[in-house]
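Descriptive analysis of the structure
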Amino acid sequence: MSPPAPALEIVGATMFGLDGLFEQRTLVVDEAGRFAAGGDGRLVLDAAGLWAIPGVYDCHSHITWNDFHHDQRERKSQAQRDRETADALAATLRGGVLNLRDAGGAPKSLQDAVASGALAGPRLQISVEMIGATHAGTADTMRGHVEAAIGLGAQWIKLVATAGSSTPGDAVLASNFSEAEIKAAAETAAEGGARVMIHTWGGDSADWAIEHGATSIEHGIYLTPTQVRAAAAAGMTFVPTITIYRHVRDMVLAGQLDGVAFGRIVAVIAAHEDVVQLADREGLPLAIGSDFTTPQQHGTNLIEIAALIRAGIAPVTALLAATAHGAALFGDADGGRIEPGARADLVLLSADPTEPATFEDPAHVVGVLKDGRLAYLDPALPRPTPQERSHS
Ligand SMILES: [Zn+2]
């Protein structure tokens, strides 16, 4: 008995490979939703003139947040918030994100709803709750917070170890936690099968996170060269979030945000670009994080690839950050590459992915394949058609 014909054949696209090279070739997707080495697909998708990259990993977002201000969110009914979350998930998948690590907010029920297919969206890894300044105490109380998060289904323990853009001057590097608390968080996470992602702009908390086994550094704006080298040596991943600070800057300029000085946010953006270049030079792997929190932002996540390129990162490195490095951070051995046997997650683009402008307009995402199934195809493109078999 011959095996069933592969489900789909994608013809004519220029594919981005793990080696950083682009190649025009035919892709075959099998019945199990994986890339296959060969065969004729029953359906053929004509992708001539398009570009293809693996499904993107957004390693830091807040998919259940749809208001920039927390109090606005609190005023909405649960039903309305659920609707907005469903919309955010759909928009994010449509925007080319196939895997999303939620940095606080998403519950296990949401992760399950996507996994079962009840909701369309990127596969989720979740931290459920953020552990921040209000949770500061002792190593013992930290253990309790981490165990509670794991009990709610967290794969990631999100520590918010420093403050944000509204904190004046050097105080922004003051750690919310003691070294003992950060150590306890990492140990308790490991015991429960979870890992630590730490929001830190730098300072002591970054040192302690590196020393005691956190997995990823979020934001990291004022990391020093010594810290960047130590994080690389410890096998960590750096998740910068450049775009969101540009949005904050624009909100300050438009008078929509009180409490953040304009000069300060401009300095933060410049420092963030510098530290990204430093990480790249020192071999600290970059992954992408949008840190998005509004309906206008959800779905535009790939702009962070453009932000890396505009910050001076080689386009190929930025594409690897968005794909293979994200897969590595997720512990996802089946994704992040276009290769026989890998999960057939694919983003089709109408423009050259080495150009940042391509990712600055979500309309350039014209097709999304999740598990070998078309999750989105631009209405202007030809539909997949049945293969014409030659009978000669
Ligand atoms: Zn965040």
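Because the structure is predicted, anything quoted here is derived from the model rather than measured.

We now examine the coordination of the zinc ion. Six octahedrally arranged donors around a metal ideally form angles of 90 or 180 degrees; four tetrahedrally arranged donors ideally form angles of 109.5 degrees. Protein coordination at the zinc ion comes from His 60 (NE2), His 62 (NE2) and Asp 291 (OD), with a distance range of 2.1 to 2.2 Å. Along the chain, the residues that donate to the zinc ion are spaced as H-x1-H-x228-D. With a gap of 231 residues between them, His 60 in strand 8 (residues 56-61) and Asp 291 in the loop between helix 9 (262-282) and helix 10 (303-310) connect regions that are remote in the sequence. Among the residues examined, Asp 291 registers a relative accessible area of 12% and is labelled buried.

Okay, the sheet that holds strand 15 (residues 237-239) next. Adjacent strands of a sheet form backbone hydrogen bonds with each other and so pair up, either parallel or antiparallel. Taken together, the five strands give an open sheet; going across it, the order is 11-12-13-14-15, and neighbouring strands pair in parallel fashion. A strand with exactly one partner marks an edge of an open sheet, and here the two such strands are strand 11 (130-131) and strand 15. Where helix 4 (residues 139-151) meets the sheet, its contacts fall on strand 11 and strand 12 (156-160), and the angle it forms with strand 12 comes to roughly 135°.

Moving on: the sheet that holds strand 5 (residues 35-36). Taken in spatial order, the five strands of this open sheet run 5-4-1-6-19, and their pairing is mixed. The sheet terminates laterally at strand 5 and strand 19 (385-386), the two strands that pair on one side only.

It is worth spelling out the nonpolar core at this point. Counting 72 residues, the largest nonpolar core has Ile 157, Leu 159, Ile 198, Phe 238, Ile 305 and Leu 308 as its most contacted members. Counting only domains with at least three residues in this core, you end up with domain 1 (8-54 + 337-386) and domain 2 (56-301). Apart from residues no more than four positions distant in its own chain, Leu 159 is found in contact with Ile 131, Met 142, Phe 177, Ile 182, Ala 185, Val 196, Met 197, Ile 198 and His 199. The next biggest cluster of nonpolar side chains, apart from the first, holds 19 residues, and it includes Val 29, Phe 35, Ala 47 and Leu 346.

What follows is about the packing of aromatic side chains. Taken as a whole and judged by the stated rule, the model has five aromatic pairs. Consider the rings of Phe 16 and Phe 22, whose centres lie 5.1 Å apart with planes at 45°: the pair is tilted. The exposure class of Phe 16 is buried, given its relative accessible area of 2%. Under the relative-accessibility criterion, Phe 22 is labelled partly exposed at 27%. Measuring from centroid to centroid gives 5.1 Å for Tyr 57 and Phe 330, while their planes differ by 75°, and the two rings are edge-to-face. One end of the pair, Tyr 57, is in strand 8; the other, Phe 330, is in helix 12 (residues 324-330), with 273 residues separating them in the sequence. This pair shows no difference in class: Tyr 57 is buried, exactly as Phe 330 is. Taken together through their ring pairs, the aromatic side chains of Phe 16, Phe 22 and Trp 51 make up a single cluster. When the ring centre of Trp 156 is taken as reference, the NZ or CZ atom of Arg 101 above it lies at 4.4 Å.

The backbone phi angle of Val 128 is positive, close to 65°, even though this residue is not glycine. Relative to the helices and strands, Val 128 resides in the loop between strand 10 (123-126) and strand 11. You can call Val 128 buried: its relative accessible area is 12%. Positive phi values are uncommon outside glycine, yet Asp 371 reaches one of about 50°. Position of Asp 371 relative to the elements: it lies in the loop between strand 17 (365-370) and strand 18 (373-377).

On to helix 2 (residues 78-94). Helix length check: helix 2, at 17 residues, gives a terminal C-alpha distance of 24 Å against a target of 24 Å (1.5 Å per residue), a fit within 8%. Within helix 2, burial applies to Glu 84, Thr 85, Ala 88, Leu 89, Thr 92 and Leu 93. The inward-facing, buried residues of helix 2 contact strand 9 (97-102), helix 3 (108-116), strand 10, strand 17 and strand 18.

Across the interface, helix 8 (residues 242-253) lies against helix 10 with an axial gap of 8 Å and an inter-helix angle of 95°. Put simply, helix 8 runs roughly perpendicular to helix 10. Of helix 10, the residues touching helix 8 (which contributes Ile 242, Thr 243 and Arg 246) are Ile 303, Glu 304, Ala 307 and Leu 308. Here the contact of helix 8 with helix 10 is composed, by residue class, of four nonpolar, one polar and two charged.

Calculation criteria
Residues numbered from 1 in each chain as written. Predicted model: local features only at pLDDT ≥ 70, side-chain atom pairs only at ≥ 80, totals over all residues. Heavy atoms only, no water. Donors = N, O, S within 2.8 Å, 3.2 Å for Na, K, Ca; no water. Helix = DSSP H or I, 4+ residues; strand = E, 2+ residues; numbered from the N terminus. Buried < 20%, exposed > 50% of the residue type's maximum accessible area, 1.4 Å probe, protein only. Pairing = 2+ DSSP bridges. Contact = heavy atoms within 4.5 Å. Axes fitted to C-alpha atoms, helices over the stretch in contact; angles between N-to-C directions. Core = buried A, V, L, I, M, F, W, Y, C linked by side-chain atoms within 4.5 Å. Domains from an automatic or database assignment. Phe/Tyr/Trp six-rings, centres within 6.5 Å; stacked < 30°, edge-to-face > 60°. Lys NZ or Arg CZ within 6 Å of the ring centre and 35° of its normal. Expected span 1.5 Å × (residues − 1). Parallel < 35°, antiparallel > 145°, perpendicular 65-115°, else oblique. Nonpolar A, V, L, I, M, F, W, Y, C, P; charged D, E, K, R; others polar.

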